[in-house]
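Structural characterization, general
In case you want the letters, here they are:
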Amino acid sequence: MTGIKATGEKRLVLVSGRAHPELAAEVAAELGVELVPTSAYDFANGEIYVRFGESVRGADAFVLQSHTAPINQWLMEQLLMVDALKRASAKRTTVVAPFFPYARQDKKHRGREPISSRLVADMYKTAGANRLMSVDLHTAQIQGFFDGPVDHLWAMPLLADHIGSRVDRADLTVVSPDAGRVRLADQWSDRLGAPLAIIHKRRDPTVPNQVKVHELVGEVEGRTCVLVDDMIDTGGTIVQAAEALVENGAAQVLVAATHAVLSGPAVARLRDSPIVEMVTTNTLPIAEESRFPQLTVLSIAPLLARAIRAVFDEGSVTSLFDGNS
């Protein structure tokens, strides 16, 4: 036999950007590894510099970054880290983006608009990513934007089990805040064994972050209602939905959403709303000043760690969700 045969063990390395170091530390602890020492800082003109403090040659690298505000800075930092891993001869690089950047811009609503989430996927590929991993994409079609494997993780089991343990399921109704979340609400309904209701809303495409509740389909009077969504940004949609449920006789309203973006007036709106509890995850960092009495934050780190381990061990990610992911 010609050539040289080498024997060696696979190596997993976890790299983190600066956006959400607490989540990265939790994931590292769940995996039983240390984060790769990384030097990252901004130059005076805003350019970003990154360098890894140890060799990653031949490693299976996972690059974790949470895309909170300022989102463009953290996206660029993650792209630079992926490029650095490629040039440092990492064997495979997986982008771990718990909150996928630009996910809401997944199609053209009108002419002369970009499809920004497709562009982001292309940038990851160009930088050198071999695989993507994200939690609760805004739409499932984003999986097709990346030319490679995409692991789409679900926070629904984590959130639903928490809600199910807090309420009487016999009096529970799962509510979709708009037509786009009906499939998600249907999955919640199946998991909790609760009926489904839908709030139909109208939105002016020329005015961002403003909605108008139109009508309610389903029985909510005297029931505990849980509004389910993938993200809460300014809070306008979810608060209007909660108010509509109360006006239609709901006994109490809870909210479950994976990503707490909490932009602008969101905290004040949610704090002063009829919502008795909002359950979310820590896919995005939530500053102390953005927390309010009704807020409950569950850790997504164990799920991310299990998925990373499954990818590294060439196992099944889908099996983490009973074959439904």
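Just so you know, the residues in each chain are numbered from 1, in the order the chain's sequence is written. In view of the model being predicted, local features appear only for residues whose pLDDT reaches at least 70, and side-chain atom pairs are presented and counted only at 80 or more, with totals across whole chains, interfaces and linings using the full set of residues. Computation of side-chain values: all heavy atoms of the structure, hydrogens and water removed.

**Some remarks on the packing of helix α2 (residues 71-87) against helix α3 (residues 116-127)**
What counts is decided by this rule: Each axis is a line fitted through C-alpha atoms, and for a helix only the stretch in contact is used; angles between axes span 0 to 180 degrees, taken between their N-to-C directions. Under the DSSP-based scheme used, a helix requires at least four consecutive residues in state H or I and a strand at least two consecutive residues in state E, with every element numbered from the N terminus. These descriptions rest on fixed angle ranges, namely under 35 degrees for roughly parallel, over 145 for roughly antiparallel, 65 to 115 for roughly perpendicular, and the rest for oblique. What makes two residues a contact is simply this: any of their non-hydrogen atoms within 4.5 Å. Gly is placed with the polar residues, together with every amino acid not listed as nonpolar (Ala, Val, Leu, Ile, Met, Phe, Trp, Tyr, Cys and Pro) or charged (Asp, Glu, Lys and Arg).
Between α2 and α3, the least distance of the axes is 8 Å, while the angle of their chain directions is 25°. As the angle between them shows, α2 and α3 are arranged roughly parallel. Facing Leu 75, Gln 78, Leu 79, Val 82, Asp 83 and Lys 86 of α2, the residues of α3 in contact are Val 120, Met 123, Tyr 124, Thr 126 and Ala 127. Of the residues belonging to the contact of α2 with α3, the class tally is 7 nonpolar, 2 polar and 2 charged.

**Some thoughts on the packing of helix α4 (residues 156-166) against helix α5 (residues 182-192)**
Here is the rule we go by: Whether a crossing is left-handed or right-handed is set by the direction in which the near helix is turned from the far one by less than a right angle, anticlockwise for left-handed and clockwise for right-handed.
Two elements in contact, α4 and α5, have axes separated by 10 Å at closest approach and are oriented at 50°. Accordingly, the angle class assigned to the pair α4 and α5 is oblique. The two elements α4 and α5 cross, and the hand of that crossing is right-handed. Of the residues in α5, those in contact with Met 156, Pro 157, Leu 159, Ala 160, Asp 161, Ile 163 and Gly 164 of α4 are Gln 187, Trp 188, Arg 191 and Leu 192.

**Details of the sheet that holds strand β1 (residues 12-16)**
Definition in use: Think of it this way: DSSP has to see at least two bridges between two strands before they count as a pair.
Ordered in space as β1-β4-β5-β6-β7, the 5 strands form an open sheet in which the pairing is parallel. With one partner strand each, in any of the chains shown, β1 and β7 (150-153) form the two edges of the open sheet. Across the sheet, the mean angle separating the axes of adjacent strands is 20° when strand polarity is ignored. Bridge analysis of strand β6 (residues 131-135) against β7 gives 4 bridges, and the strand direction is parallel. Paired with Leu 132 across the bridge in β7 is Val 150.

**Section: the side chain of Asp 106**
The following threshold applies: Between buried and exposed lies partly exposed: a residue is buried under 20% and exposed over 50% of the maximum accessible area for its type, with that area taken using a 1.4 Å probe on protein chains only. Identification of polar contacts relies on pairs of N or O atoms within 3.5 Å, with a donor-acceptor requirement for protein atoms, meaning one able to donate a hydrogen and the other able to accept it, and with residues adjacent in sequence counted only if both atoms are side-chain atoms.
Of note, Asp 106 is situated in the loop between β5 (92-97) and α3. Note on Asp 106: relative accessible area 2%, which makes it buried. A polar contact is formed between the side chain of Asp 106 and the side chain of Thr 139, at a distance of 2.7 Å. Ignoring sequence-local partners within four residues, the contact set of Asp 106 consists of Ile 115, Ser 117, Thr 139, Gln 141, Ile 142 and Phe 145.

**A few points about α2**
What counts, and what does not: Under the convention used throughout, the expected extent of a helix is 1.5 Å for every residue step, that is, one less than its residue count.
For α2, which comprises 17 residues, the first-to-last C-alpha distance of 25 Å matches the rise-based estimate of 24 Å (1.5 Å per residue) to within 8%. Count one or two residues on from α2 and you reach Ser 89, which has phi positive near 70°.

**Quick notes on the environment of Val 239**
The residue Val 239 is located in helix α6 (residues 236-247) in this model. Here Val 239 falls in the buried class, since its relative accessible area comes to 8%. Spatially, the C-alpha atom of Val 239 lies 43 Å from that of Leu 85, the residues being 154 residues apart in sequence. With residues up to four places along the chain from it excluded, the contact list for Val 239 reads Arg 269, Leu 270 and Ser 273.

**So, unusual backbone geometry**
Most peptide bonds are trans, and most residues other than glycine sit at a negative phi. Residue Pro 70 is reached from Ala 69 by a cis peptide bond, and omega for that bond is 0°. If you trace the backbone, Pro 70 turns up in the loop between β4 (60-64) and α2. Despite not being glycine, Ser 89 shows a phi value in the positive range, around 70°. In this structure, Ser 89 sits in the loop between α2 and β5. In this structure, Glu 314 is a non-glycine residue whose phi angle is positive, near 60°. Take Glu 314: it is sitting in the segment after α8 (301-312). Using a relative accessible area of 57% as the deciding quantity, one classes Glu 314 as exposed.

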